[in-house]
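For reference, the chains in residue letters:
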Amino acid sequence: MTEVVERTEVLSPEPARALGALLDVPVPDLAREGLPLLWHWFYLLERPAQADLGPDGHPVRNCVPAPPGPGRRRMWAGGRVRTRGVLRCGEAATRRTRVVSVADKQGRSGPLTFVTVEHLISQSGRVVVEERQDIVYRPAAGSLPAVSAGEVVPAGPGEWAIEVTPTLLFRFSALTYNAHRIHYDRDYARDVEGYPGLLTHGPLQALAMAEAARALGVGGEVDFTYRLVSPLFDHQGLITSASGEPDGVTTAVRDLYGRQTATGQLRSVA
């Protein structure tokens, strides 16, 4: 858990502009105002060799974190991001990554391995993004229980509905260089992993919550903690919301039927 992987690159504006076009959200002045919260996820990406990918499209070697064993399925459970400055395009940035904890537990479906990964992103000689990601590896067995749809609950005041389509999920995967097949290969997601549809990315849900908070005027140095509490599939839609004051905001994601799938808390630290 002491290995540190370091990557440096000059941040180009193109990934941010591509994300703005994908979600139809405003792109700020990237050289002056810098990247909005969580937009660093589209930079400093690992690009593994094709030979290092497993059958599910996820890296199985030469990666951080490495899977705890063959056949284990990876799920993004949540995380925390703290910004300590502005991450600007047009300048070099460096990300240092390491695994800070690994814990094995016994779940209802079998053994679970919880891994926490730390990312520190520096620019101009100081850390501007501190992040911890919580990853869970579970057994490759069984289908998820069916979720009753019920009545559609339309987006109300203060909610933002994102139309989740295979195209959107594929393009989001491409922007993050994520080859995990559960997000774009419906046959694989259904026949191999037992999912009822394409899985909507956990990072996409977290990003939607961050964007809902940005629409309220939240900015500057912030601390954002989020959890993925239930799987969300493409046919279930995505509706996000944020409420509160700029120095303390509660965010959430739900599906078209009112079932909550993600939660978040965001507070200003400036």
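Predicted, not measured: the structure shown is a model, and the values here were computed from it.

How would you sum up the environment of isoleucine 121? Please name residues and give values.
By secondary structure assignment, the location of isoleucine 121 is in strand E4 (residues 110-123). A relative accessible area of 1% places isoleucine 121 in the buried class. Distance in space between the C-alpha atoms of isoleucine 121 and phenylalanine 233 is 31 Å, their sequence separation being 112 residues. Excluding residues that lie within four positions of it along the chain, isoleucine 121 makes contacts with His40, Leu44, Leu87, Ala93, Thr94, Arg95, Arg126, Val127, Val128 and Val129.

Before we move on, can you summarise the side chain of arginine 95 with the specific residues and values?
Checked against the element boundaries, arginine 95 lands in strand E3 (residues 92-107). In this structure the side chain of arginine 95 is engaged in a polar contact, spanning 3.2 Å, whose partner is the side chain of glutamate 46. Only 3.3 Å separates the side chain of arginine 95 from the side chain of threonine 97, close enough to count as a polar contact. When near neighbours in sequence (up to four residues on either side) are disregarded, arginine 95 contacts Val5, Glu6, Arg7, Tyr43, Leu44, Glu46, His119, Leu120 and Ile121.

Break down the pairing of E4 for me, citing the residues and quoting the values.
Buried residues dominate E4, accounting for 10 of its 14 residues. Pairing between E3 and E4: 13 bridges, direction antiparallel. Bridged to glutamine 106 within E4 is proline 111. Hairpin connection from E3 to E4: two residues lie between these consecutive antiparallel strands. When E4 meets strand E5 (residues 126-138), the two strands line up antiparallel, connected through 11 bridges. Looking at the pairing, histidine 119 lines up with glutamate 131 of E5. Joining the antiparallel neighbours E4 and E5 is a turn of two residues, in which serine 124 adopts a positive phi near 55°.

For the packing of helix H2 (residues 166-175) against helix H4 (residues 202-215), give the residues involved together with the corresponding values.
Running from N to C, H2 and H4 point in directions that differ by 95°, and their axes come no closer than 10 Å. In terms of orientation, H2 lies roughly perpendicular with respect to H4. Within the contact between the two elements, H2 uses Leu168, Leu169 and Phe172 and H4 uses Pro203, Leu204 and Leu207. Class assignment of the residues belonging to the contact of H2 with H4 gives a composition of six nonpolar, no polar and no charged.

Account for unusual backbone geometry, with residues named and values stated.
Look at the link from valine 64 to proline 65: it is a cis peptide, with omega at 0°. Of note in the backbone geometry, serine 124 takes a positive phi value of approximately 55° without being a glycine. Inspection of the secondary structure assignment puts serine 124 in the loop between E4 and E5.

Parameters and conventions
Residues numbered from 1 in each chain as written. Predicted model: local features only at pLDDT ≥ 70, side-chain atom pairs only at ≥ 80, totals over all residues. Heavy atoms only, no water. Helix = DSSP H or I, 4+ residues; strand = E, 2+ residues; numbered from the N terminus. Buried < 20%, exposed > 50% of the residue type's maximum accessible area, 1.4 Å probe, protein only. Contact = heavy atoms within 4.5 Å. Polar contact = N/O pair within 3.5 Å; in protein donor to acceptor, adjacent residues only side chain to side chain. Pairing = 2+ DSSP bridges. Axes fitted to C-alpha atoms, helices over the stretch in contact; angles between N-to-C directions. Parallel < 35°, antiparallel > 145°, perpendicular 65-115°, else oblique. Nonpolar A, V, L, I, M, F, W, Y, C, P; charged D, E, K, R; others polar.

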